[in-house]
Each structure stands twice: as structure tokens, then as C-alpha cells.
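# Remarks on the overall topology
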Amino acid sequence: MREEQKGNPFKKATLINPIELFDRAIRKSLKLSLPKMRAERFQKEKILILNKIRYIRQVLVTNLRNYLQSIPDINSIHEFYRTIIDVYSSTDEFKRALGRIAGAVRVIEKLSDEYLRSVRGIKKNPYLPEKVFISHLHRLWKQYLARMNSFIREISDAFIYLNTIIKKLRALPDYDPELRTIVVCGPPNSGKSSLVGRLSKAKVQIAEYPFTTKNLVFGHIEIRSSPREVVQIVDTPGLFDRPISRRKKEEILALQAIRTIADGIIFLFDCGVERTLDAEQQIRIYKEVTEFLRTKQIVVGLNKIDIVDRETYDRIFRFVVNTLKLKPIPLSVKYGIGLNHILKEIRRLFG
């Protein structure tokens, strides 16, 4: 079994349209000319048609094999990406489509070889005009194209299916399984994306993710300089900001994918006067999220102390201290207040 690939294993996966590929192969094969040799017309026509069939066979087989090789081994990729395949479809269906295309390569080889043998087997009879045998050659050529065209169209649905899934998978973020990952959660507009941007040393990576109209934001935090040690930090807008119990099956799978990478949580409460949820609603989301993600490595931030709603702040503060037995960190992500305490806590948990 191959080692898990760092980053998104589908980034280099190619897309292919087998019908367009076949049409291009035919057009180029038609540009092949009669061989320049001293031989009768029948022999030249025979060689030309053999060359055309070989060319189409090579183009199709080479491109389809390259297509299959560009798609990572599903059994070797990280569970995060396998779970996302189940969100969009299912790993079993994905594997079946790959199997159909692998089988199609063998059929193309077999069909092409069959017609190569048939063309080579035509022998000229001195008692019949040459044009009779040339006509026979062209009939075989047309039969080959018709059968190949029918087969390519028959398997095109497998390519349509895989291309659709691969396009979505290529848009996913680069996840490095060798690095520990902190997931930032919290109610809507609590400052999650801003926190990831503030804490990240390098430019954050923004990527699409299923069941959220916003983007997944991936960053990296340096928790030790010598030897250098980095953790990944990811914001999950639109995913963990409402009750999990009300989600559809596909949404739960999308959340489960995040669970496979979560080594720790930063939960950001919104204590500002413009909060969208009251204290009790935010506490309910906290309980569901932490229970779902199943990690004990938790950092709690109370954001927007620059525009604080004192009643909301005090209620959440009491919950964190008295019920959770944790020490919350007062924050203003907007003005950079408290970020050093967040970093210190991350280093304590993951350093």
C-alpha cells in the first residue's frame, strides 16, 4: 500500500472526455497518408488502414491509462478525502466507475487487435480485381470505427460521473496528515476566518467545501521555531454554526470528514452587541460540536470584547469556568487583543 500523500491527492487528477478524444483520434488518423513505397495500391491501402487502427488504439489506450493513473488509490488516501467521496457519492460507486474504465482499456485493445488481425488476413486473389480487396479493407475500417464509436459512447457515463466527482475533489484544501490540525468552530460571524488569518504565518488557503456557501480556510501556525514545528488550523464556516441534530445525512458526512482531521478545537463565542445568537444558543452549539468532534484538546475564546454585550459575556464566561472547568480567553480578533494568549494555549496543548 502506498503512503498517504501530503496535500490534496486529487489536485493532479486529470479530466477526460472519451467521445472528444475518440473524435480527435479519428481526425488525426485520417490525415495519415499512403506509405511512400514501391508496392501495388492494395498493399499501400492495407498498410494505411493498419496504421490508422494502431494510431487510434494507441491514443485511446495511452490517454485512458494516464487518466486512471492520475487518480489516487482510494484505499491509500486519508480518511478525510474518502469521507468526502461518500458525501458526493460513495467510494464503492467511485471504485466501480474506475473498474469500468480499466475494463474499457482492455476492450479497446482487444477490439483493435481483432481488426488488425482481420485486415492483415486479407489476401489478394489474382482472379479478382484489386478494387474488390481494397473495398473489403475499407469495409473493415468502417466497421472498426462504428463498433469503437458505439463502445466509447456506452462507457461515457462512467467518465461523466468520475469527472464530476473529481472536479469537486480537486477544489478541496491541501491537508497534510503528518501535521496536527486545529478546527475553529463557533456561531455565525464570530470571527473564525479572521482568527485563522491572524494566527497563520503564511497566506491562508481558501477552498470550496460541500454544504456551505462559504469557503473552507486553511492556515498554518508555527508553534516552535527550533526545531520547526507547525500545526494546521482550519475554519469551517457554515458547518458547525448550527445544531448538528438537524442536519441531513450528506451534511453529517461532511462534518464527519472534518472530524477525521480534528486533533483539537478552538471554539469562538460571539460576545458582541451585534451577535446573531444569544448565549444559550451558542452554548448549545458548543455542546453539540465538542461532543461530535470527540477531542479533549479545546481552547475557548470569547470574541468581540471591544464591542462586548456584558450580559452575554458573563453568561458564557460562567458556563466555561463553572461547567467546563476551562479558562476562557477574552479576545478582540479585529484589534489583535488576546491573540498571544491563544497562541500560548495552542503551544501548551500541541507543543
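Look up a bit, the structure's there.
Report follows, based on the coordinates. Values in this document were obtained by computation on a predicted structure and should not be read as measured data.

A regular strand places its side chains on the two faces of the sheet in alternate fashion. Most of strand β6 (residues 298-303) is tucked away: 6 of the 6 residues are buried. Burial along β6 is two-sided: I298, V300 and L302 and V299, G301 and N303, pointing in opposite directions, are all buried. Inspection of the sheet shows strand β5 (residues 264-270) paired to β6 by 6 bridges, in the parallel sense. Each bridged residue has a counterpart across the sheet, and for L268 the counterpart in β6 is G301. In this fold, β5 hands off to helix α8 (residues 279-293), which returns the chain to β6; that crossover is right-handed. Here β6 runs beside strand β7 (residues 329-330); their pairing, made up of 2 bridges, is parallel. Following the sheet pairing, G301 is matched in β7 by I329.

In this section: unusual backbone geometry. The backbone of K304 sits at a positive phi, close to 70°, despite the residue not being glycine. Along the polypeptide, K304 turns up in the loop between β6 and α9 (310-323). A relative accessible area of 18% places K304 in the buried class. In the Ramachandran plot, K325 falls in the positive-phi region, its phi being about 60° despite a non-glycine side chain. Mapped onto the elements, K325 comes out in the loop between α9 and β7. K325 sits in the exposed class, given a relative accessible area of 66%.

This next bit is on the state of the cysteines. Under the defined criterion, the tally for this structure stands at 0 disulfides. A disulfide-free cysteine, C185 has its sulfur positioned 16 Å from the sulfur of C271, the nearest such atom. Judged by relative accessible area, which is 0%, C185 ranks as buried. You can call C271 buried: its relative accessible area is 0%.

Contact geometry for helix α6 (residues 192-199) and helix α10 (residues 339-350): axes closest at 11 Å, N-to-C directions at 75°. By the angle between their directions, the pair α6 and α10 is classed as roughly perpendicular. The segment α6 lies against α10, with L195, R198 and L199 engaging L339, I342, L343 and I346.

Before going further, it helps to spend a moment on the pattern of salt bridges. A side chain of one charge can pair with a side chain of the opposite charge when the charged atoms of the two come close. Counted under the stated rule, the structure contains 15 salt bridges. In this structure, the salt-bridge partner of K124 is E40, at a minimum N-O distance of 2.8 Å. Within this pair, whereas K124 is found in the loop between α4 (91-120) and α5 (130-170), its partner E40 is found in the loop between α1 (18-29) and α2 (41-70), the two being separated by 84 residues in sequence. Between K124 and E130 there is a salt bridge; the shortest N-O distance is 3.8 Å. On the basis of relative accessible area, K124 is assigned to the partly exposed category, the value being 33%.

With that settled, the discussion passes to the nonpolar core. Counting 90 residues, the largest nonpolar core has F10, I56, F94, L162, F240 and F269 as the members making the most contacts within it. Considering each element in turn, this core owes the most residues, 18 residues, to α5. For F94, the residues in contact, after removing those within four places along its chain, are F10, I71, I74, I85, Y161, L162, I165, I166 and L169.

In this structure, strand β3 (residues 216-225) lies alongside strand β4 (residues 228-235), joined through 8 bridges in antiparallel fashion. Within the sheet, the bridge partner assigned to H220 lies in β4 and is Q232. What sits between the antiparallel neighbours β3 and β4 is a turn of 2 residues.

A few words on the side chain of S70. Secondary-structure assignment places S70 in helix α2. In this structure S70 comes out as buried when scored by relative accessible area, which is 16%. Of the polar contacts made by the side chain of S70, one reaches the backbone nitrogen of T14; its length is 3.0 Å. Contact partners of S70, with chain neighbours within four places excluded, come to K12, A13 and T14.

How each quantity is defined
- Residues numbered from 1 in each chain as written.
- Predicted model: local features only at pLDDT ≥ 70, side-chain atom pairs only at ≥ 80, totals over all residues.
- Heavy atoms only, no water.
- Buried < 20%, exposed > 50% of the residue type's maximum accessible area, 1.4 Å probe, protein only.
- Helix = DSSP H or I, 4+ residues; strand = E, 2+ residues; numbered from the N terminus.
- Pairing = 2+ DSSP bridges.
- Right-handed = clockwise from strand over helix to strand, strands pointing away.
- Disulfide = S-S within 2.5 Å.
- Axes fitted to C-alpha atoms, helices over the stretch in contact; angles between N-to-C directions.
- Parallel < 35°, antiparallel > 145°, perpendicular 65-115°, else oblique.
- Contact = heavy atoms within 4.5 Å.
- Salt bridge = Lys/Arg side-chain N within 4 Å of Asp/Glu carboxyl O.
- Core = buried A, V, L, I, M, F, W, Y, C linked by side-chain atoms within 4.5 Å.
- Polar contact = N/O pair within 3.5 Å; in protein donor to acceptor, adjacent residues only side chain to side chain.

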